[in-house]
Amino acid sequence: EDSFPPIKVIVVEGKEDYVLVLNRSIYGLKQSARNWNERMDGETTSAGYRRLESDTCFYVKSESPTRKAMFGIHVDDMKFAASRGSDLLEKFLAHMEKSGIKINNLGPIRHFLGVEFIRRREDLEIVLTQRAFIDQMLERYRFAIEGQKGRDTPLRHGFIPTKADCPAEEDAHLRSEMSKHPYQSILGSLMYLAIWTRPDIAYAVNTLSQFSSNPGPAHWEALKHLVRYVRKTRDYGLTLGGKGELKLSGFSDADWASNVDHRHSISGNAFFLSSDSGAISWSSKKQPTVALSSAESEYMALGRATQETLWLRSFLDELGYPQKSHTVILSDNIGAIQLSDNNIHHQRTRHIDVRHHFLRKHVKAKEISPEYIPTDQQTTDIFTKGLPKVKHEVHTKSLGLSRI
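Trainee: Go over the nonpolar core, please, and point to the residues and values.
Mentor: Ranked by internal contacts, the top residues of the largest apolar core, which has 51 residues, are I186, L190, I201, L208, L223, L226 and V230. Broken down by element, the residue count for this core peaks at seven residues, all from helix α7 (residues 217–232). Apart from residues lying up to four places away in sequence, I186 is in contact with Y141, F143, W220, L223 and V227. Y299, L302, A336 and V363 belong to the second-largest nonpolar core, a separate cluster that totals 13 residues.

Trainee: Pulling in residues and values, what's your account of helix α9 (residues 334–341)?
Mentor: Taken residue by residue, α9 has A336, I337, L339 and S340 as its buried positions. The buried side chains of α9 occupy one side of the element, clustering within an arc of 160° when seen end-on. The N-cap residue of α9 is N333: its side-chain oxygen and the backbone nitrogen of G335 are 3.1 Å apart.

Trainee: Could you give an account of the side chain of T309, with specific residues and numbers?
Mentor: Among the structural elements, T309 can be located in helix α8 (residues 294–319). Setting aside residues up to four positions removed in sequence, T309 forms contacts with L248, F271, T327, I329 and I368.

Trainee: Which residues make up the pattern of salt bridges, and what values do they have?
Mentor: Taken as a whole and assessed by the stated rule, the structure comprises 20 salt bridges. Here E38 and R34 are joined by a salt bridge, their closest N and O atoms 3.2 Å apart. Residue E38 and its partner R34 are located together in helix α1 (residues 32–46), separated by four residues, close to a single helical turn. Under the relative-accessibility criterion, E38 is labelled partly exposed at 42%. The partner of D381 in a salt bridge is K385, with the nearest N and O atoms 2.5 Å apart.

Trainee: Kindly report on helix α12 (residues 389–398), identifying the contributing residues and their values.
Mentor: Among the residues of α12, H392, H395 and T396 are the ones counted as buried. One side of α12 carries all its buried residues, which in axial view fall inside an arc of 105°. Of the exposed residues in α12, those oriented more than 90 degrees away from the buried face are V390 and K397. Of the surrounding elements, those touching the buried residues of α12 are α7, β8 (236–241) and β14 (401–403). Downstream of α12 by a residue or two, G400 has a phi angle that is positive, lying close to 100°.

Trainee: Let's hear about the sheet that holds strand β11 (residues 279–286): which residues, and what values?
Mentor: A sheet is described by the order of its strands in space; here five strands give the open sequence β11-β10-β9-β12-β13, paired in mixed fashion. Single-partner strands in this sheet number two, and they are β11 and β13 (368–372). Going from strand to strand, the sheet's axes swing by 20° on average, the running direction of each strand aside. As defined by bridge partners, strand β12 (residues 327–331) adjoins β13 across five bridges and the pair is classed as parallel. Residue pairing in the sheet places I329 in a bridge with P370 of β13. Across the sheet, helix α6 (residues 202–209) lies against β10 (266–272) and β11, angled at about 30° from β11, the strand it touches most. Strand contacts of α9: β12 and β13, with the helix running at about 155° to β13, the strand carrying the most contacts.

Trainee: Tell me about the packing of aromatic side chains, residues and numbers included.
Mentor: This model, assessed by the stated rule, comprises twelve aromatic pairs. Ring centres 5.2 Å apart and planes at 15° place the aromatic pair Y59 and F71 in the stacked group. Residue Y59 is found in strand β2 (residues 58–64), and its partner F71 is found in strand β3 (residues 67–74); the two are separated by twelve residues along the sequence. One exposure class covers both Y59 and F71, and it is buried. Among the aromatic side chains, those forming a connected cluster through ring pairs are Y49, Y59, F71, F80 and F92. It is K68 that lies over the ring of Y321; its NZ or CZ is 4.8 Å from the centre.

Trainee: Can you lay out the environment of E177 for me, pointing to particular residues and giving the numbers?
Mentor: Relative to the elements of secondary structure, E177 occurs in helix α4 (residues 172–178). According to the relative accessible area criterion, E177 is partly exposed, its value standing at 32%. Along the backbone, E177 and L312 are 135 residues apart, and their C-alpha atoms lie at a distance of 45 Å.

Trainee: Describe the packing of helix α5 (residues 183–196) against α7, with residues and values.
Mentor: The interhelical angle for the contact between α5 and α7, taken along N-to-C directions, is 40°, at an axis separation of 11 Å. Looking at the two axes, α5 sits oblique to α7. Crossing of α5 against α7: the hand is left-handed. Of the residues in α7, those in contact with Y183, I186, L187, L190 and L193 of α5 are H219, W220, L223, L226, V227 and V230. Among the residues making up the contact of α5 with α7, the classes are represented as ten nonpolar, one polar and no charged.

Calculation criteria
- Residues numbered from 1 in each chain as written.
- Predicted model: local features only at pLDDT ≥ 70, side-chain atom pairs only at ≥ 80, totals over all residues.
- Heavy atoms only, no water.
- Core = buried A, V, L, I, M, F, W, Y, C linked by side-chain atoms within 4.5 Å.
- Buried < 20%, exposed > 50% of the residue type's maximum accessible area, 1.4 Å probe, protein only.
- Helix = DSSP H or I, 4+ residues; strand = E, 2+ residues; numbered from the N terminus.
- Contact = heavy atoms within 4.5 Å.
- Arc of directions from axis to C-beta.
- Polar contact = N/O pair within 3.5 Å; in protein donor to acceptor, adjacent residues only side chain to side chain.
- Salt bridge = Lys/Arg side-chain N within 4 Å of Asp/Glu carboxyl O.
- Pairing = 2+ DSSP bridges.
- Axes fitted to C-alpha atoms, helices over the stretch in contact; angles between N-to-C directions.
- Phe/Tyr/Trp six-rings, centres within 6.5 Å; stacked < 30°, edge-to-face > 60°.
- Lys NZ or Arg CZ within 6 Å of the ring centre and 35° of its normal.
- Parallel < 35°, antiparallel > 145°, perpendicular 65-115°, else oblique.
- Left-handed = near helix turned anticlockwise from the far one by under 90°.
- Nonpolar A, V, L, I, M, F, W, Y, C, P; charged D, E, K, R; others polar.

Everything listed here is a matter of geometry and, on its own, says nothing about what the molecule does.
This is the structure in structure tokens:
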């Protein structure tokens, strides 16, 4: 009972037995966020905006091909985009204020949730970077010391952390020493980077996160290696947009049974909106089941990439940019591509979980088209293993990351 916070009771003299009834939500209540969302959704809908089925935090309005507006909501923060020269933003703000919701217009987007936005209008590009966030992280965890040597890659090439590197239960001294390091806190900050603007560190963050409950000295050294890489590359920005045709495409890859602890393969995928744009979506994740061959692991990776493809196609369609042809997903495994096209190897693949076979359905429907790409051009190799410096830099550039 001592662990519960004290309860503050408001008593009005003469009304000690009364119970107050709230007429509206206030901060801190469990239903407050939901009530705010419902209020915002109602007022937004009355202004003529349509909520997307593929992302319920995103709204769009299209009066004509040259008069469009869309925005996304994150709690009480908003990003709004409208056709140049239109008055849709002003009308929306006026409608919301009339409804009792005051929205502050902060002008062209520059910073949002720790991300800096740099506009390059002449090239139709926008660059996302988190330099300030990285500087704050380095200062907080005392890595901002001048003269510290940076690192060329997120993880040392060939390094695969294992449970054998974790302190044993009987080694109380080592466990106590490791608990003094802010391992989990640093990983949390790095995960925020990996999700928003730094796909180049996604594999390293995913791998080291698996030991956050009981890290050992080897894991701590690997994490420091990663932080020093981030410090050296703090000026990296993710470039989106460009003048190329808006056509969704992706990459899919897997590293078969590379981890000696569980032998689950690692899946990686990345998606692009055009040939000259950086990645808009990426993932590095351990597969749920053990694959018995490299073709099988690549096949399961293609299945996961297909899930993301279907969502992206749906999202783009609702925004008014339907994909008129199939989406190409590039894989470096011919066996996995053949499996996705037919079931001739049924006897050898019947043990694969049925959820992975839905890939064939969408290939047959001509929504997805897995195609071959040589391994040295497989961008998503960066999401499945630690790479040597040269190859890491090549794939980092392919993802749209560069110094700004």
